[in-house]
Amino acid sequence: MASSMIESLGSLNKDSFVSLLSKLIGESKFVQNNPPELIPQEDRIVNHVLDSLRPYSTESGGGPLVINHVAYHSGRGNLIVEYPGSVPGKIVSFVGMHMDVVTANPDEWEFDPFSLSIDGDKLRGRGTTDCLGHVALVTELMKRLGETKPVLKSSVVAVFIASEENSSIPGVGVDMLVKDKLLDKLKSGPLFWIDTADKQPCIGTGGMIPWKLHVTGKLFHSGLAHKAINAMELGMEGLKEIQSRFYRDFPPHEQEKVYGFATPSTMKPTQWSYPGGGINQIPGDCTVSGDVRLTPFYDVKEVMKKLQEYVDDINTNIEKLSTRGPVSKYVLPEENLRGRLTLSFDEASAGVACNLDSRGFHVLCKATEEVVGHVKPYSITGTLPLIRDLKDEGFDVQTSGYGLMATYHAKNEYCLLTDMCQGFDVFVKIISQLEQD
């Protein structure tokens, strides 16, 4: 039965896929997500998906697909598509194919980011890898199910989502679908989040803690350095001490080897700003910003608490902090002035470690090995906060994707048609394996 189902579903219809992807990339300019300037209109993508699937839907009378278009903001819909199986409660889902994209500046690209171009096996344009390529791919899977109508025990559900790339406008996407319990029945089977890359299971992601360290010193003439508290020096030495304590308290975790994380947890600066001034002025304040990328084996709240404790202790004992040169100092007793560090955080998110004992993980690995030729699960400290939320809600979340990590969020983004073809084959083999349970 499994082999006949595989034969029935066959392989990816390349012409149909490329035709649909061309339409989606043609909309990518209008689904860039960077509020308030750029607010995506995901329904522009939804409409093309509906055009492909509606002929095979119950609403048209022409097929088995059950389609639910759910929008919480005007023009910003999500789409739930179900191919019903024969056994109640038996289900497999493909989720996370988001219909928004990151921004692209055409002046910085070698080709038009907002129209699909083809260069051999390369399908080029914003969203080909992340994530309109996956939207088209899973649409083709659901279309094939609607066309061929295989008798399955498992229901197959696809959830195309809005607002993945930027969460500054709340209440738009999968978080609301979960809140309204529209995805609850997906908990009874494996959920595959299709929004990573390189054709291998991504089994772990990182948490992120954005931080700002404001440094207060005393501005003065650089020729009278003994009368200043150099905010830049204080920031440098203070941050060095904070980083040293962070790496002492949150060293590489033994589970990181099990999950194949490329890096352990890190805490580092990425931006530096100060109000400006002359070259002959010692700055009186500055701000260093950065992030913590945290493997999922450490607790985000505990790390934030520790970072604040480090800063409080440094402020209390600022005389003991290393200085730079014979007149460098962070305290001016005669003026009753002390330098100070002030730490603040933006919204933090936790990482996720997928369940390596779940049925979903095992079928994904077997399907990947059979189609790609090898399986090598990996983990990164990039963030996918939505899947942590799903796991916490009780879903068996596994992740994979068929774009290219090297072009993720990058200029000159592209994916490979051959990779997408393999992705389709992996989906078919996942469904086939679960039919044997």
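Residues numbered from 1 in each chain as written. Predicted model: local features only at pLDDT ≥ 70, side-chain atom pairs only at ≥ 80, totals over all residues. Heavy atoms only, no water.

- The name an unreviewed UniProt entry gives the protein is Acetylornithine deacetylase, with Brassica cretica as the organism.
- As stated in UniProt under Pathway (unreviewed entry), the record for the protein gives "Amino-acid biosynthesis; L-arginine biosynthesis; L-ornithine from N(2)-acetyl-L-ornithine (linear): step 1/1." (UniProt positions renumbered as here; feature names shortened; annotations may be inferred.)

1. Looking at the sheet that holds strand 4 (residues 117–119)
In step 1: Sheet architecture is open: 3 strands sit in the order 4-5-20, paired in antiparallel fashion. Only two strands of the sheet have a single neighbouring strand rather than two, namely strand 4 and strand 20 (414–416). Taken pair by pair, the neighbouring strands of this sheet meet at an average axis angle of 25 degrees, ignoring direction.
In step 2: In this structure, strand 5 (residues 122–124) lies alongside strand 20, joined through 3 bridges in antiparallel fashion. Its bridge partner lying in strand 20, Arg 124 is registered against Tyr 414. (Pairing = 2+ DSSP bridges. Helix = DSSP H or I, 4+ residues; strand = E, 2+ residues; numbered from the N terminus. Axes fitted to C-alpha atoms, helices over the stretch in contact; angles between N-to-C directions.)

2. Observations concerning the pattern of salt bridges
In step 1: Per the stated rule, a full pass over the model turns up 20 salt bridges.
In step 2: Here Lys 185 ties to Glu 82 by a salt bridge, and the two come within 2.6 Å at their closest N and O atoms. In this pair, Lys 185 is assigned in the loop between helix 5 (174–179) and strand 7 (190–194) and Glu 82 in strand 2 (residues 77–83), connecting sequence segments 103 residues apart.
In step 3: Taking the relative accessible area as the measure of exposure, Lys 185 reaches 44% and is therefore partly exposed.
In step 4: Residues joined by salt bridges that share partners form a network here, namely Glu 241, Arg 245 and Asp 313. (Salt bridge = Lys/Arg side-chain N within 4 Å of Asp/Glu carboxyl O. Buried < 20%, exposed > 50% of the residue type's maximum accessible area, 1.4 Å probe, protein only.)

3. Observations regarding the packing of aromatic side chains
In step 1: This structure, assessed with the given rule, holds 9 aromatic pairs.
In step 2: Here Phe 94 and Phe 427 contribute two aromatic rings whose centre-to-centre distance is 4.9 Å and whose plane-to-plane angle is 50 degrees, an arrangement assigned as tilted. Here Phe 427 lies in helix 11 (residues 417–435) and Phe 94 lies in strand 3 (residues 91–98), a separation of 333 residues in the sequence. Note on accessibility: Phe 94 and Phe 427 belong to one class, buried. (Phe/Tyr/Trp six-rings, centres within 6.5 Å; stacked < 30°, edge-to-face > 60°.)

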